[in-house]
Amino acid sequence: MTTTIATDRKANLAGSLWMILSMAAFAVEDVFVKAAASVLPIGQILFLFGVGGMIVFAAVALWNREPLFVRDVVSRPMLVRAGFEITGRLFYVLAVALIPLSAATVILQATPIVVVAGAVLVFNEKVGWRRWLAILIGLAGVIVVVRPGTDGFSPLSLLAVVGMIGFAGRDLASRIAPATIGTVLLGFYGFLSVVIAGVVYTLVQGEAFVSLEPVLSALLLGAVLSGVAAYAFLMKAMRTGEVSAVTPFRYSRLLFGIALGVFVFGEQLSFEMLVGSGLIVVSGLFILWRGQQQRA
């Protein structure tokens, strides 16, 4: 059975709105995680967040009568994907907890740029000099935000860089994930990776879990619900309209993340962050546009 995806103007508009909703939900998830991290150990946040997501996707799988385990789950691409997922989740949550939310969000926006560069190295995809130049400009934007070698440099900002690389590796591994593993199973095992990240971090740090007060429980529940909603909205967006029309709206997360960082946590925006954001977004949009031109 083949699913036909509408690609007319109305479908593109609907897909774009779903993408914006997804990015807003991801930004809200970050707010809940950052707020909880001021009290709870990082390992406990990751563990409980992962368990909550697993429960939701397991319920969806059971509702759809999909098995939670197929043999391809332990295939090499899935194991590689899990490794990158653990790395991305762990280091990005650490970044959200320890550096300004706006800075972590900006650095994360370089993920699509790194994915394109990785596709060249891993899958031998052809990229012309214009897109290579855009990739270098986007990475320069990350350097501007991180500011290595200056008084404003914080080694903690490298946590967001490692998290971003982890997510890029996950996205690349997802491209070769077995076709037998659908969206729901990818979500289930993605959150299982978060649980593993929480366990590993807890064992390394030796931090004991603490009892949950109602407010903390509400924060974690909010993180789980917004995270699952963001994932569902993202899948809906990618199945509505043309990918080239919908994907650029991923960068709306930058606006939501910066706005929430400023208004919820009172963060200050530096000139370097604004310049770096501009370089990352412009180069990312150019790469998307150029790729579409090459396929046309």
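Scope of this entry: the structure provided in the associated data block.

Cut-off values and rules
Here the residue index of a chain counts from 1 through its sequence in written order. In view of the model being predicted, local features appear only for residues whose pLDDT reaches at least 70, and side-chain atom pairs are presented and counted only at 80 or more, with totals across whole chains, interfaces and linings using the full set of residues. The side-chain figures draw on all heavy atoms in the structure; neither hydrogens nor water molecules are used. Secondary structure follows DSSP: runs of H or I at least 4 residues long count as helices, runs of E at least 2 residues long count as strands, and numbering of each begins at the N terminus. Think of it in three bands: residues with accessible area under 20% of the maximum for their type are buried, residues over 50% are exposed, and the middle band is partly exposed, with areas taken using a 1.4 Å probe on protein chains only. The contact criterion used throughout is that any non-hydrogen atoms of two residues lie within 4.5 Å. Think of a nonpolar core as a cluster: buried Ala, Val, Leu, Ile, Met, Phe, Trp, Tyr and Cys residues, connected wherever their side-chain atoms sit within 4.5 Å. Here a helix's expected span is defined as the number of its residues, less one, multiplied by 1.5 Å.

**Considerations on the side chain of E29**
Phase 1 of the analysis: Topologically, E29 is positioned in helix α1 (residues 9-37).
Phase 2 of the analysis: Accessibility expressed as a relative area gives 6% for E29, which makes it buried.
Phase 3 of the analysis: Look past the residues within four positions of E29 in its chain and what remains in contact with it is F49, R89, A223, S226 and G227.

**Remarks on the nonpolar core**
Generally speaking, soluble globular proteins have nonpolar side chains that are buried together.
Phase 1 of the analysis: One finds I42, I45, L46, F57, V106, I107 and V142 to be the most contacted residues of the largest nonpolar core, which totals 76 residues.
Phase 2 of the analysis: Considering each element in turn, this core owes the most residues, 10 residues, to helix α8 (residues 183-205).
Phase 3 of the analysis: Each residue touching L46, except ones within four places of it in the same chain, is listed here: R89, L90, V93, V194, V195, A197 and G198.

**Digging into helix α5 (residues 111-123)**
Phase 1 of the analysis: Taking 1.5 Å of rise per residue, 13 residues should cover 18 Å, and α5 covers 17 Å from first to last C-alpha, within 8% of that figure.
Phase 2 of the analysis: Following α5 by one or two positions, N124 adopts a phi angle in the positive range, close to 60°.

**Thoughts on the environment of I181**
Phase 1 of the analysis: Among the structural elements, I181 can be located in the loop between α7 (157-174) and α8.
Phase 2 of the analysis: Given a relative accessible area of 7%, I181 falls into the buried group.
Phase 3 of the analysis: Counting along the chain gives 113 residues from I181 to L68, while the straight-line C-alpha distance between them is 9.7 Å.
Phase 4 of the analysis: The residues contacting I181, other than those within four sequence positions of it, are V70, D72, V73, M78 and L186.

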